[in-house]
Amino acid sequence: MAAFDAGRCSAARRRFLRLAVTAALAGGAPILAAAGQVELYADDTLGRYGFGDGHPLGTGRQGAFLRAARAAGLLGQVQVRAGRAATRAELARFHTAEFIDEIATAETGGRTLLDAGDTPVFPDVFRVSAHVVGSALAALERVMTGACRRTFQPVGGLHHAGRGQAAGFCVFNDLGVVIETLRGTYGLERIAYVDIDAHHGDGVFYAFEASPQVVIADIHQDSRTLYPGTGRADETGTGAAAGTKLNIELPPRAGDPEFLRAWQDVERHLRGFEPELFVFQCGADSLAGDPIAQLRYSPAAHAHAAKRLCALADEYAGGRLMAFGGGGYDRDNLARAWSAVLRELLA
Ligand SMILES: [Zn+2]
């Protein structure tokens, strides 16, 4: 729902909004672009999460999305907010103390890689990575206090990081910290995690594989054909959580028709648990043309997932839905996919 009606906007208000959006694109302080029920988390520090020239996850992805969202007239309908750093105690809700120390000392210790090779050290790696997590927690606080219903954080959704290791371009796992906060601080008993990134969200999946409170639905490229090689259909949760997880593998070159068929199973699965909040990782690397994955969705797939999750959130969760950008290594693709998601969050 868009609370801001551009048609009834005064000239002075329109000028203020133009200035606010321009400042947001430049990476400024917290900015009130427009009152509304959708908040977008983007700032200069988030824009610095990336691994430099030549790496698929370079910086500049946030800027590519913001330019497209502005051109599509979406930024004037959301409240653009800056994030914040997560504290060590907040990071420790999901991560081990040893791993947090490892990242905090990575630069001074002269390390160059944080995992076997995908995830290099980059300037200010601890501060910038903790900021991704803190921004997600800032969004979470707004949703849980009823200040807004839906949030989107384009630089976020770092679903490969485990409790004790960086992996697959992901240093700290913002999603994991959010889910632990929902369980621990807020006492939620049914949290939905939905992941349509081309890669399996292994960092989230295995951390909560035995947790019945975390209901997972993850559609991804066949685990035999793509990193991280996990997320088989027979992995449905363990112990008391058996049956709470749904992994759907699609073959390379699968497109919108295959996605839409799979989505029906996702929706059936989610409805069975009546989640109290929805966490959505909408990685754009499942679109046709991504340089490191081989699915062939169009942005219509992302729009459909977002639209249906909003409907489910309205039905079961008081509208509460937090979306995170995740992967996506073609700038035009991520701009189109995430704009499609934001448009549905606003609908
Ligand atoms: Zn991915």
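In this text the structure is predicted, and so the values were computed from the model without any measurement.

> Looking at this model, I keep getting lost on the overall build of the protein. Mind explaining?
For the protein, the count of helices and strands is 11 helices and eight strands. Considering the protein as a whole, with its 347 residues, one finds that 53% of them fall into the buried category. The contacts of the protein with a sequence gap of at least 6 include a subset with a gap of at least 24, amounting to 74%.

> Any chance you could explain unusual backbone geometry here in plain terms?
Negative phi values dominate among residues other than glycine, just as trans dominates among peptide bonds. Residue Tyr227 is joined to Pro228 through a cis peptide bond whose omega torsion reads 0°. Its location among the elements puts Pro228 in the loop between strand 5 (214-221) and strand 6 (245-250).

> Would you explain the environment of Ala136 in this entry?
Along the chain, the position of Ala136 falls in helix 6 (residues 125-144). For Ala136, a count of 30 C-beta atoms within 10 Å corresponds to the buried category. Distance in space between the C-alpha atoms of Ala136 and Ala85 is 9.7 Å, their sequence separation being 51 residues. Apart from residues no more than four positions distant in its own chain, Ala136 is found in contact with Gln153, Gly156, Asp174, Val177 and Val178.

> Explain helix 10 (residues 299-316) here, please?
Since one α-helical turn is 3.6 residues long, residues separated by three or four positions face the same way. Taking 1.5 Å per residue, 18 residues should reach 26 Å; helix 10 reaches 26 Å between its end C-alpha atoms and fits that length. Close packing links the buried residues of helix 10 with strand 4 (191-195), helix 9 (256-271), strand 7 (277-281), strand 8 (321-324) and helix 11 (331-346). Positive phi appears at Gly318, one or two residues downstream of helix 10, with a value of about 60°.

> Quick question: what am I supposed to make of the confidence of the model for the protein here?
One rule of thumb: low pLDDT means the predicted coordinates there are not for detailed reading. Of the residues in the protein, 90% reach a pLDDT of 70 or more, and the chain-wide mean stands at 91. Overall, residues 1-36 carries pLDDT values under 50, and its contacts beyond four positions in sequence, including any with other chains, amount to 56 contacts.

> When you look at the nonpolar core in this model, what are you seeing that I'm missing?
In summary, soluble globular proteins display a tendency toward joint burial of nonpolar side chains. Ranked by size, the top nonpolar core spans 109 residues in total, and within it Phe278, Val279 and Val341 carry the most contacts. Broken down by element, this core gets its largest block of residues, 12 residues, from helix 6. Among residues more than four places away in sequence, those in contact with Val341 are Phe152, Cys282, His302, Ala303, Ala306 and Ala323.

> Help me understand the packing of helix 10 against helix 11 in this model?
In a packed pair of helices, the relevant descriptors are the angle between the two axes and the axis-to-axis distance. In the contact formed by helix 10 and helix 11, the axes pass within 8 Å of each other and the chain directions differ by 25°. Of the possible angle classes, the one that applies to helix 10 and helix 11 is roughly parallel. The two elements helix 10 and helix 11 cross, and the hand of that crossing is right-handed. Together, Pro299, His302, Ala303, Ala306, Lys307 and Cys310 of helix 10 and Arg336, Ala337, Ala340, Val341, Glu344 and Leu345 of helix 11 make up the contact between the two elements. Class assignment for the residues of the contact of helix 10 with helix 11 results in eight nonpolar, one polar and three charged.

> What am I meant to see in the pairing of strand 8 here?
For a regular strand, side chains alternate in direction, first toward one face of the sheet and then toward the other. With burial as the criterion, each face of strand 8 is covered, one bearing Leu321 and Ala323 and the other bearing Met322 and Phe324. By the bridge criterion, four bridges tie strand 7 to strand 8 in an arrangement that is parallel. The partner of Val279 across the bridge, within strand 8, is Met322. In this fold, the crossover linking strand 7 to strand 8 by way of helix 10 has right-handed handedness.

> Just to check I follow, could you spell out the sheet that holds strand 6 for this structure?
Sheet strands line up and pair through hydrogen bonds in the backbone, either parallel or antiparallel. Spatially, eight strands are ordered 2-1-3-8-7-4-5-6 in an open sheet, and the strand pairing comes out parallel. At either margin of the open sheet sits one strand with a lone partner, and together these are strand 2 (79-81) and strand 6. The mean angle between the axes of side-by-side strands here comes to 15°, regardless of whether they run parallel or antiparallel. Sheet strands touched by helix 6: strand 1 (38-41), strand 3 (150-153) and strand 8. Its angle to strand 3, the strand with the most contacts, is close to 170°.

> Sorry if this is basic, but what is going on with the packing of helix 6 against helix 7 (residues 174-184) here?
For the pair helix 6 and helix 7, the least separation of the axes is 9 Å and the interaxial angle reads 35°. When the axes of helix 6 and helix 7 are compared, the crossing they make is right-handed. Contacts between helix 6 and helix 7 involve Val132, Val133, Ala136, Leu137 and Leu140 on the former and, on the latter, Asp174, Val177, Val178 and Thr181.

> Before we go on, may I ask you to explain the environment of Tyr186 in this structure?
As for its position among the elements, Tyr186 is in the loop between helix 7 and strand 4. Residue classification places Tyr186 among the partly exposed positions, given that 14 C-beta atoms sit within 10 Å. A sequence separation of 42 residues divides Tyr186 from Met144, and the C-alpha atoms of the two residues are 8.2 Å apart. Setting aside residues no more than four positions away along its own chain, Tyr186 makes contact with Met144 and Thr181.

> Where do I start with helix 5 (residues 97-104) in this structure?
Buried residues of helix 5: Phe99, Ile100 and Ile103, and no others. The arc that holds the buried residues of helix 5, viewed along the axis, is 100°, so those residues lie on one side. Of the exposed residues in helix 5, those oriented more than 90 degrees away from the buried face are Ala97, Glu98 and Asp101. Taken together, the buried residues of helix 5 touch helix 4 (88-91) and helix 6.

What counts and how
- Each chain has its residues counted from 1, following the order in which its sequence is written.
- Where totals are concerned, whole chains, interfaces and linings use all residues; where local detail is concerned, this predicted model gives features only for residues with pLDDT of at least 70, and gives and counts side-chain atom pairs only at 80 or more.
- Secondary structure elements are taken from DSSP: a helix is a run of H or I of four residues or more, a strand is a run of E of two residues or more, and numbering for both begins at the N terminus.
- Burial is judged by counting the other C-beta atoms within 10 Å of a residue's own C-beta: 20 or more makes it buried, 12 or fewer makes it exposed, and any count in between marks it as partly exposed, with every C-beta position built from the backbone.
- By the convention adopted here, residues are in contact when the distance between their C-beta atoms, placed from the backbone, does not exceed 7 Å.
- An expected span of 1.5 Å times one less than the residue number is assigned to each helix.
- Per-residue confidence from the predictor is reported as pLDDT, a score between 0 and 100.
- When buried Ala, Val, Leu, Ile, Met, Phe, Trp, Tyr and Cys residues are joined through C-beta atoms within 7 Å, the set is termed a nonpolar core.
- In this analysis an axis means a line fitted to C-alpha atoms, helices contributing only their contacting stretch, and an angle means the value between N-to-C directions, from 0 to 180 degrees.
- Roughly parallel here means an angle under 35 degrees, roughly antiparallel means over 145, roughly perpendicular means 65 to 115, and every remaining angle is called oblique.
- By the definition used in this description, the sense in which the near helix is turned from the far one sets the handedness, with an anticlockwise turn below a right angle giving left-handed and a clockwise turn giving right-handed.
- Residues were grouped as follows: Ala, Val, Leu, Ile, Met, Phe, Trp, Tyr, Cys and Pro as nonpolar; Asp, Glu, Lys and Arg as charged; and all remaining residues, including Gly, as polar.
- Two strands pair under a simple rule: DSSP has to find at least two bridges between them.
- Throughout, right-handed denotes a crossover for which the path from the first strand over the helix to the second runs clockwise when the strands point away from the viewer.
- The directions considered for the arc are those from the helix axis to the C-beta atoms.

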